[in-house]
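This is what each chain is made of:
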Amino acid sequence: MIHDFENYLKTLKSIHSGTDLESAINAARYLFDDELSDLLSFIWQHRDDNKILVKDLVESITVARRIVNKCLNIYKDNSKIRDMLYLDLALEEFLRIIIERNIHKKINWDQLFELIGMVLENFRYSYDNNEFLECFREWKRLKGMPSFTQDFSLHAKAVLDRLSRAIGAFVDHCYQMLQHKAEFLGKAFHANSWTITLFTEEVVRGRPAFVLSMLIHHLDPILRKNARLGDWQVISPGHAVGRLEVVDTLRSIQGKIFGSPTVIIADKVKGDEEPPEGVTAVISPDPVDLVSHVAVRARNVHLLFVTCYDKVCLDRLKSLKGHVLDFAVNASGDVVFEEAIKKAKIPLPRVKLVYTKIARPQFTTYALFSRDFRQGLVGGKSNNLKHLEGKLPDWIHLPLSVALPFGIFEEVFNLERNREIAERYQELIPGIEKNRTKRLDEIRKILLLLECPDDLASVLRRVMKDAGLRWHEKWDDTWLCIKRVWASKWNERAYLSRKARGIPHEDILMAVLIQQVVDAEYAFVIHTVNPFTRDSNELYAEVVLGLGETLVGNYPGRALSFISKKKAYKSSLLAYPSKSIGLFGKGLIFRSDSNAEDLPGYAGAGLYDSVMIEHPKEVTLSYAEDPLIWNADFRMELMNSIKKIGIMLEKAFGFPQDIEGVYSKGRYYVVQTRPQVGIENE
């Protein structure tokens, strides 16, 4: 009866399954040209052939879908579109079946690479967006490189990291689109609760995104090994003992004080968090920029901060939740851990600050030229740029700058016209801890209502014009940017950081540094002493496309990173860029310049806000043609120039520097520099 049952199954599929391949081929056959007819005959004849290479079958499906999708873009007749659409869906379904059937067989590295490219192309036929397009374009170009060398593997790993994020975003999109409908209908039909919970997951598992993730899972460890990347990336070295806790996001425990030493596993890290008191280590699968604010602050307080790329290891760690573990970094850069034999001691206090309260400056003027910057009038950002004037070669430039000095906020705050705002502000400060997030938000909103003194706009306009800075015609926009910088004194990360370090809130004074935004092609950050090895003969740098906020703000993805011996010509590339978003903009930027950002031993940089008067444009980055990625000579020249900038600035100040700069139209600019936190006194 086998033959009868096969026919019965065929009948059921043809009636109830719109994606049955045989039915779809027969229904659309009248539309086939010779090429498509031959391809589909080959696919059908070898559908159960275990001897044929999976790559050959997937390639035939890919070419067939390429033809089908061209037809779908041409046809106007609804019946033709319907028949071709069902064929396309059937081919997509068969692609998934073929790969799932063969994924556990021994597929060689080159075939894995080819399969990812073909499945990515197939996925784009049913879910096309810019992120998948750019991954596809870059992956195609990688085919022209010698495969699985260290450089190839570094580059391919960057694309896979970006692709993995895109798949995650697709899954989130499916959940947002389908799950609430499944819950509504499932309850109405009295479906079993487990079927409702799994509904969207099963939809995703039936799409090419699922097999794409399976292929990535198989290729990723191969690339990591060939690129000489371990399963761990140490963001901040150290030794840690503590009770293991697991959280969804590091931000969810902002401001919490742990009474005993605690090791946190956080699935998500944004990059601007303040490590909580009592936390001795942070472990996350989420890649973190090595120069992001949270990374710098972790190194400052000698907190162990690591990224774990091994899911098996991470799951094992999570299963030990509540246990007291001892973590250390071994000589090869891997993190090792064991259950602590002795009870952990209370962690040492945070690094003590050398904090000298400065006298309240008297109001003198509303705006300063850069030549008039000096200690006590403006903060470290402004004074460090002034220190560099005349000390750099012609090929390194400084942006045009003016500043609103210390004391202007207090002058504005005490105006009679702002009396009601001042009174409300004073009422809100004492009660911050009652509802911290809400109160801080209310304080910032109150400060944005401050009215401007009569002469401020005219004085600032004159100073900016004489300095060569372009004046923004809408004064209200300029005034709002200034107030937003002042109000950032009360953002949550700054408040928590001051509270943890014992810095009185009333002692923070805020100047505003105003600069023309350089139209950056690339932005870079330099640490003139390697922050991981603390080798003073070696610097570390990262480079991104566009403005540097994607770097210091820990936008998803990695930057191009490298280390370089200061006395050697060649730099060593550590990672290719995998960031998805670049920021591009122009106009003016209003930078926070407080008296506490550059205290010795205090990672104050980035606590307060810098505001662009024209919102930067977010662009989906394309690496497929970018010279930084594909032109080795250009990349090496750029890295060597960045290294020279680091060496010269370190020499100009006499101690290690944390430098932000940009490259634009063949010119290099130093935007700001400060002492490298945690290194300067070593």
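Up top is the structure these notes are about.
Residues numbered from 1 in each chain as written. Predicted model: local features only at pLDDT ≥ 70, side-chain atom pairs only at ≥ 80, totals over all residues. Heavy atoms only, no water.

S.K.: Explain the overall build of the protein to me, please; I cannot follow it from the model alone.
M.R.: Looking only at helices and strands, the protein features 22 helices and 21 strands. Radius of gyration (C-alpha) of the protein: 29 Å, near the 26 Å computed for a compact globule of 682 residues. Seen through its C-alpha atoms, the protein measures out along the principal axes to roughly 100 × 65 × 60 Å. Looking at the 682 residues of the protein, the share that counts as buried comes to 54%. Of the contacts formed within the protein by residues at least 6 apart in sequence, a portion of 69% connects residues at least 24 apart. (Helix = DSSP H or I, 4+ residues; strand = E, 2+ residues; numbered from the N terminus. Rg over C-alpha atoms; globule rule 2.2 N^0.38 Å. Buried < 20%, exposed > 50% of the residue type's maximum accessible area, 1.4 Å probe, protein only. Contact = heavy atoms within 4.5 Å.)

S.K.: When you look at helix H7 (residues 130-142) in this model, what are you seeing that I'm missing?
M.R.: One turn of an α-helix holds 3.6 residues; hence residues three or four places apart share an orientation. Here H7 contains 13 residues, and its C-alpha end-to-end distance of 18 Å stays within 8% of the 18 Å for a straight helix at 1.5 Å per residue. All of the buried residues in H7 are Glu 131, Phe 132, Glu 134, Cys 135, Phe 136, Glu 138, Trp 139 and Leu 142. Here the buried face of H7 lies against helix H6 (109-126), helix H8 (150-188), helix H10 (208-226), strand E19 (617-620) and helix H21 (627-630). (Expected span 1.5 Å × (residues − 1).)

S.K.: Got a minute to help me understand the pattern of salt bridges in this structure?
M.R.: Pairing between side chains becomes possible if they bear opposite charge and their charged atoms approach one another. Counted according to the given criterion, the structure contains 34 salt bridges. In this structure, Arg 419 and Glu 423 form a salt bridge, with 3.2 Å as the shortest nitrogen-oxygen distance. Here Arg 419 and its partner Glu 423 are both found in helix H15 (residues 419-428), four residues apart, which amounts to about one turn of the helix. A network of salt bridges, in which partner residues are shared, links Arg 65, Asp 88, Glu 92 and Arg 207. (Salt bridge = Lys/Arg side-chain N within 4 Å of Asp/Glu carboxyl O.)

S.K.: Sorry, what's going on with the sheet that holds strand E4 (residues 277-284) here?
M.R.: Hydrogen bonds along the backbone pair up the strands of a sheet, which may run parallel or antiparallel. Pairing in this open sheet of seven strands is mixed, and the strands run E1-E5-E4-E3-E2-E6-E7 from one edge to the other. Edge positions in the open sheet fall to strand E1 (232-236) and strand E7 (335-339), since each of these has one partner strand only. The sheet shows a mean angle of 35° between the axes of neighbouring strands, direction not considered. Here helix H12 (residues 311-319) sits on the sheet and contacts E1, strand E2 (240-249), strand E3 (257-268), E4, strand E5 (304-308), strand E6 (324-329) and E7; the angle it forms with E3, its principal contact strand, is near 145°. (Pairing = 2+ DSSP bridges. Axes fitted to C-alpha atoms, helices over the stretch in contact; angles between N-to-C directions.)

S.K.: Even after reading the chapter, I still don't get a negative patch on the surface, so can you show me in this structure?
M.R.: A cluster of like negative charges, contributed by Asp 33, Asp 34, Glu 35 and Asp 38, occupies part of the molecular surface. Tracing the backbone shows Glu 35 in helix H3 (residues 34-45). The partly exposed category is assigned to Glu 35, whose relative accessible area is 47%. (Patch = residues over 30% accessible without salt bridge, like charges linked within 9 Å, V, L, I, M, F, W, Y side chains within 5 Å. Areas by Shrake-Rupley, 256 points an atom, 1.4 Å probe, with all protein chains shown as cover. Lys, Arg positive; Asp, Glu negative; His and termini not counted. Charge placed at Lys NZ, Arg CZ, Asp CG, Glu CD.)

S.K.: Is there a simple way to think about the packing of H15 against helix H16 (residues 436-447) in this case?
M.R.: Two measures define how a pair of helices packs: the angle their axes make with one another and the distance between the axes. Relative orientation of the contacting elements H15 and H16 amounts to 165°, with a least axis distance of 10 Å. On the basis of the axis angle, H15 is roughly antiparallel to H16. Note on packing geometry: the crossing formed by H15 with H16 is left-handed. Touching Ile 421, Arg 424, Tyr 425, Glu 427 and Leu 428 of H15 are Arg 439, Glu 442, Ile 443, Ile 446 and Leu 447, all from H16. Here the contact of H15 with H16 is built from residues that sort into six nonpolar, no polar and four charged. (Parallel < 35°, antiparallel > 145°, perpendicular 65-115°, else oblique. Left-handed = near helix turned anticlockwise from the far one by under 90°. Nonpolar A, V, L, I, M, F, W, Y, C, P; charged D, E, K, R; others polar.)

S.K.: Would you mind showing me how to read the packing of aromatic side chains here?
M.R.: To describe a pair of aromatic rings, you give the distance between the ring centres and the angle between the ring planes. Taken as a whole, this structure holds 25 aromatic pairs when the rule is applied. Taken together, a centroid distance of 5.4 Å and an interplanar angle of 70° make the contact between Phe 409 and Trp 486 edge-to-face. Here Phe 409 is found in helix H14 (residues 408-413), whereas its partner Trp 486 is found in helix H18 (residues 475-487), with 77 residues between them in sequence. Among the aromatic residues, ring-to-ring pairing joins Phe 409, Phe 413, Tyr 425, Trp 471, Trp 475, Trp 479, Trp 486 and Trp 490 into one connected group. (Phe/Tyr/Trp six-rings, centres within 6.5 Å; stacked < 30°, edge-to-face > 60°.)

S.K.: Please explain helix H19 (residues 492-501) as it appears in this structure.
M.R.: Of all 10 residues in H19, seven are buried, a share of seventy percent or more. All of the buried residues along H19 are Arg 493, Ala 494, Tyr 495, Leu 496, Ser 497, Arg 498 and Arg 501. Structurally, H19 contributes buried residues whose contacts are with helix H11 (293-300) and H16. Two or three places before Arg 493, at the start of H19, stands the capping residue Asn 491, its side-chain oxygen 3.3 Å from that residue's backbone nitrogen. Looking one or two residues past H19, Gly 502 carries a phi angle of roughly 75°, positive in sign. (Polar contact = N/O pair within 3.5 Å; in protein donor to acceptor, adjacent residues only side chain to side chain.)

S.K.: Please explain the environment of Leu 39 as it appears in this structure.
M.R.: In this fold, Leu 39 is placed in helix H3. For the pair Leu 39 and Phe 5, spaced 34 residues apart in sequence, the C-alpha to C-alpha distance is 28 Å. The residues touching Leu 39, leaving out its near neighbours within four places in the chain, are Ser 60, Val 63, Ala 64 and Ile 67.

S.K.: Help me understand the environment of Asp 466, please; the structure alone is not making it clear to me.
M.R.: You can see Asp 466 is positioned in helix H17 (residues 456-467). Asp 466 gets classed as exposed once you look at its relative accessible area, which sits at 53%. Along the backbone, Asp 466 and Phe 369 are 97 residues apart, and their C-alpha atoms lie at a distance of 8.6 Å.

S.K.: Explain the sheet that holds strand E12 (residues 522-527) to me, please; I cannot follow it from the model alone.
M.R.: With mixed pairing, seven strands are arranged side by side in an open sheet as E9-E21-E20-E12-E13-E14-E15. Every other strand in the sheet has two partners, leaving strand E9 (396-397) and strand E15 (571-575) as the edge strands with one partner each. With two bridges joining them, E9 and strand E21 (residues 667-675) adopt parallel strand pairing. If you follow Ile 396 over to E21, its bridge partner there is Tyr 668.

S.K.: Is there a simple way to think about unusual backbone geometry in this case?
M.R.: Excluding glycine, most residues fall at negative phi; most peptide bonds, likewise, are trans. In the Ramachandran plot, Phe 148 falls in the positive-phi region, its phi being about 60° despite a non-glycine side chain. Tracing the backbone shows Phe 148 in the loop between H7 and H8. One non-glycine residue, Arg 228, lies in positive phi territory at about 65°. With respect to the element layout, Arg 228 can be found in the loop between H10 and E1.

S.K.: Is there a simple way to explain the pairing of strand E20 (residues 657-664) in this structure?
M.R.: Both faces of the sheet carry side chains from a regular strand, because those side chains alternate between them. In terms of residue burial, E20 counts as a mostly covered element, since eight of its eight residues are buried. Taking every second residue as pointing to the same face, both faces of E20 are buried, with Gln 657, Ile 659, Gly 661 and Tyr 663 on one and Asp 658, Glu 660, Val 662 and Ser 664 on the other. In the sheet, E12 pairs with E20 via six bridges, with the strands oriented antiparallel. Opposite His 527, over in E20, you have Asp 658 as the bridge partner. Bridge analysis of E20 against E21 gives eight bridges, and the strand direction is antiparallel. Along E21, the bridge assignment pairs Gly 661 with Val 670. Between E20 and E21, which pair antiparallel in sequence order, lie two residues; one of them, Lys 665, sits at a positive phi of approximately 55°.

By themselves, these figures tell us nothing about what the structure is for.
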